[in-house]
Amino acid sequence: QVQLVQSGGGLVQAGGSLSLSCAASGGTFSSRYVMDWFRQAPGKEREFVAAIRWSGGSTYYADFVKGRFTISRDNAKNTVYLQMNSLKPEDTAVYYCATAPRLVISTISGDHDYWGQGTQVTVSS
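Within the protein chain, the secondary structure is distributed over zero helices and 11 strands. Against the globule reference of 14 Å for 125 residues, the protein chain gives a C-alpha radius of gyration of 14 Å, in line with a compact fold. Its C-alpha atoms give the protein chain principal-axis dimensions of about 40 × 30 × 25 Å. Across the protein chain, the fraction of contacts at a sequence separation of at least 24, relative to all contacts at a separation of at least 6, is 56%. Split by element, the accessible area of the protein chain, about 6200 Å² in all, is 49% carbon and sulfur.

All right, on to the pairing of strand S9 (residues 93–99) then. In terms of burial, S9 is a largely internal element, six of the seven residues being buried. The pairing of S9 with strand S11 (residues 119–124) spans three bridges and is classified as antiparallel. Within S11, the position partnered with Val 94 by the bridge is Gln 120. The pairing of S9 with strand S10 (residues 114–115) spans two bridges and is classified as antiparallel.

Overall, the coordinates contain five salt bridges when judged by the stated rule. One salt bridge connects Arg 39 with Asp 91, and the closest N-O pair in it is separated by 2.9 Å. With Arg 39 in strand S4 (residues 34–40) and Asp 91 in the loop between strand S8 (79–84) and S9, this pair connects stretches of sequence that are 52 residues apart. With its nearest N and O atoms 3.1 Å apart, the salt bridge here joins Lys 66 to Asp 63. A residue is classified by how much of its surface remains accessible, and Lys 66, at 48% relative accessible area, is partly exposed. A residue is classified by how much of its surface remains accessible, and Asp 63, at 63% relative accessible area, is exposed. Connected through shared salt-bridge partners, Arg 39, Glu 47, Arg 68 and Asp 91 make up one network.

On to the environment of Thr 107. Its location among the elements puts Thr 107 in the loop between S9 and S10. The exposure class of Thr 107 is partly exposed, given its relative accessible area of 40%. In contact with Thr 107, other than residues within four places in its own chain, are Phe 38, Phe 48 and Tyr 60.

Reading guide: rules and limits
Residues numbered from 1 in each chain as written. Predicted model: local features only at pLDDT ≥ 70, side-chain atom pairs only at ≥ 80, totals over all residues. Heavy atoms only, no water. Helix = DSSP H or I, 4+ residues; strand = E, 2+ residues; numbered from the N terminus. Rg over C-alpha atoms; globule rule 2.2 N^0.38 Å. Contact = heavy atoms within 4.5 Å. Areas by Shrake-Rupley, 256 points an atom, 1.4 Å probe, with all protein chains shown as cover. Buried < 20%, exposed > 50% of the residue type's maximum accessible area, 1.4 Å probe, protein only. Pairing = 2+ DSSP bridges. Salt bridge = Lys/Arg side-chain N within 4 Å of Asp/Glu carboxyl O.

The structure is reproduced here in structure tokens:
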């Protein structure tokens, strides 16, 4: 079992910043290579946002967040972060951290078997 506990998020005006964190734990956590962030807006499909490898820290972003969002990790704390800058109203969604039992990065939500509880991010115009 892997437990993912999220914190952060909230309400911000357009152009502002918010940060999210996701603390991972559990007996099988050490076998996970990648951590991801997804988001789901009302009435829309869950979509990939960003990913990071625990080892080496290489990152991958969806085009719509490149240059605005930064994913990072603290291996000592088993925690992944998502710093969101220059937020837009269309970034409003519930954000989830997730992990998949894969060596490679997957942008497909169905590949992920453990999810955080979700955190609301609301950007007002």
